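Each chain is listed here by its residues.
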Amino acid sequence: MTSYKELGLVNTKDMFAKAVAGGFAIPAYNFNNMEQMQAIIQACVETKSPVILQVSAGARKYANGTLLRNMAKGAVEYAHELGYDIPIVLHLDHGADFEICKECIDNGFSSVMIDGSHFPYEENIALTRKVVEYAHKYDVTVEGELGVLAGIEDDVVAAHSTYTQPEEVIDFVSKTGVDSLAISIGTSHGANKFKPEQCTRNAEGILIPPPLRFDILEEIEKKLPGFPIVLHGSSSVPQDQVAIINANGGALKDAVGIPEEQLRKAAKSAVCKINIDSDGRLAMTAAIRKYMAEHPDHFDPRQYLSPARDSLKTIYMAKNKNVLGSAGQA
Ligand code: G3H
Ligand code: 13P
Ligand code: ZN
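Draft legend 1. Region of the structure containing the overall build of the protein. The number of helices and strands found in the protein is 12 helices and 13 strands. A compact globule built from 330 residues should have a C-alpha radius of gyration of about 20 Å, and the protein, at 19 Å, falls within 12% of that. When its C-alpha atoms are laid out on the principal axes, the protein stretches across 60 × 45 × 35 Å. Every one of the 330 residues in the protein was classed for burial, and the buried ones make up 55%. Total accessible area computed for the protein in this model is approximately 14100 Å², and 53% of it derives from carbon and sulfur atoms. Here the protein holds 32 positive side-chain charges and 42 negative ones, and the gap between their average locations is 2 Å.

Draft legend 2. Fine view of the state of the cysteines. If you walk through the whole model with that rule in mind, you get zero disulfides. Not engaged in a disulfide, the cysteine C101 finds its nearest cysteine sulfur in C104; these two sulfurs lie 7.0 Å apart. Here C272 stays unpaired: no disulfide links it, and the sulfur of C44, its closest cysteine neighbor, is 16 Å away.

Draft legend 3. Examining the environment of T2 more closely. Along the chain, T2 falls in the segment before α1 (13-22). If near-sequence neighbours (up to four positions away) are discounted, T2 is found in contact with L7, R69, I105, D106, N107 and G108.

Draft legend 4. Expanded view of the coordination of the zinc ion (ligand 3). For the zinc ion (ligand 3), every protein donor is listed as H94 (NE2), H189 (NE2) and H232 (ND1), and the spread of their distances is 2.0 to 2.1 Å. The sequence motif formed by the donor residues of the zinc ion (ligand 3) is H-x94-H-x42-H. Residue H94 is located in strand β3 (residues 88-95), and its partner H189 is located in strand β9 (residues 188-189); the two are separated by 95 residues in the primary sequence. There is no split in this pair, since H94 and H189 are both buried.

Draft legend 5. Region of the structure containing the side chain of K313. Tracing the backbone shows K313 in helix α12 (residues 301-324). Judged by relative accessible area, which is 18%, K313 ranks as buried. If we skip the residues at most four places from it in the chain, K313 touches A39, Q42, A43 and E46.

Draft legend 6. Up close: the pairing of strand β13 (residues 271-276). Across the six residues that make up β13, a large majority, six, are buried. Relative to β13, strand β1 (residues 26-30) is paired through four bridges, and the arrangement is parallel. Paired with I26 across the bridge in β13 is K273. With three bridges connecting them, strand β12 (residues 229-231) and β13 associate as parallel partners. Pairing of L231 across the sheet is with I274, part of β13.

Draft legend 7. How the structure looks around the environment of L149. Take L149: it is sitting in the loop between β5 (141-146) and β6 (150-153). By relative accessible area, L149 is classed as buried at 5%. Separated by 44 residues in sequence, L149 and K193 place their C-alpha atoms 9.9 Å apart.

Draft legend 8. Representation of the packing of helix α2 (residues 34-46) against helix α4 (residues 65-82) within the structure. The contact between α2 and α4 brings their axes to 10 Å, and the two run at 40°. Considered as vectors, α2 and α4 are oriented oblique to each other. Handedness of the α2/α4 crossing: right-handed. Note on element contacts: α4 touches α2 through M71, A75, Y78, A79 and L82, opposite M34, M37, Q38, I41, Q42 and V45.

Reading the values: the criteria
- Residues numbered from 1 in each chain as written.
- Chains lettered and ligands numbered in written order.
- Predicted model: local features only at pLDDT ≥ 70, side-chain atom pairs only at ≥ 80, totals over all residues.
- Heavy atoms only, no water.
- Helix = DSSP H or I, 4+ residues; strand = E, 2+ residues; numbered from the N terminus.
- Rg over C-alpha atoms; globule rule 2.2 N^0.38 Å.
- Buried < 20%, exposed > 50% of the residue type's maximum accessible area, 1.4 Å probe, protein only.
- Areas by Shrake-Rupley, 256 points an atom, 1.4 Å probe, with all protein chains shown as cover.
- Lys, Arg positive; Asp, Glu negative; His and termini not counted.
- Charge placed at Lys NZ, Arg CZ, Asp CG, Glu CD.
- Disulfide = S-S within 2.5 Å.
- Contact = heavy atoms within 4.5 Å.
- Donors = N, O, S within 2.8 Å, 3.2 Å for Na, K, Ca; no water.
- Pairing = 2+ DSSP bridges.
- Axes fitted to C-alpha atoms, helices over the stretch in contact; angles between N-to-C directions.
- Parallel < 35°, antiparallel > 145°, perpendicular 65-115°, else oblique.
- Left-handed = near helix turned anticlockwise from the far one by under 90°.

Here is the structure:
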């Protein structure tokens, strides 16, 4: 058993309390490798932002859970070396069952998500409750989910979305004991969040997505005043990055995300954790494709991963400052 406390990590409790009270959201950035971790920590140290390092089942399969956990431990020391100790959470993203949550709790994670959103309501409650009972013994915080997001992103797949039903949230939170609740109000995973037919087009032909269901969010806030709410699928899918990818051999079609103004509005509400993965993937891919096209004779991975890491850091800094409002809150 390795407690996250030995690794210098924190759980989400204080972080979320401050975020709800202060009208900002904590960035939850997914990472799978060293360059992503470096970019996240550099960006969050430079903007003095608390951060949630998020690890999916896919990330554990790709990189190995032990290595990722030790990278998170290293991240705490790395932030210190960079000159500012920011609070860092190591969080399991979309835990599918009790076993993976237990394994992460036993191995240094300070927070886990149990994603029972695909199960019938009572099953979701029973599974989530079981994880909470185990996690709380070790001071690990738990995120549950009610409502289903649409979209496809590797291991996180759902053909149809269902919005969170505000009538269920009080019952779910009180029966499960979760520390935060992920909800479905129109976001979805991946770089194609909406079908073109769900969108309108502006004069330049850019897809404009339908607005998030802020009415549902408000209803939920009324039922659970001050309770930490989480938004998944919150990448903005910057069109300049999509254009760089497509200008350099890529073929991303109809990629569209959540407009930043809407995320800013959400961050000012009870939404205190905003999950971002796809924007980082796009930024890295754009930088690497551009570098490769411009330097066909280069073959040292450090040469193309350096601009990819820099680009990643730039977008994370901008998000902390201009979208989530987490800059200066560490
Ligand atoms: O919500 C899903 C995250 O973006 C993780 O995706 O399963 O491809 O690592 P992944
Ligand atoms: P995006 O695909 O919008 O980045 O969402 C990531 C996410 O929700 C991770 O859990
Ligand atoms: Zn997610």
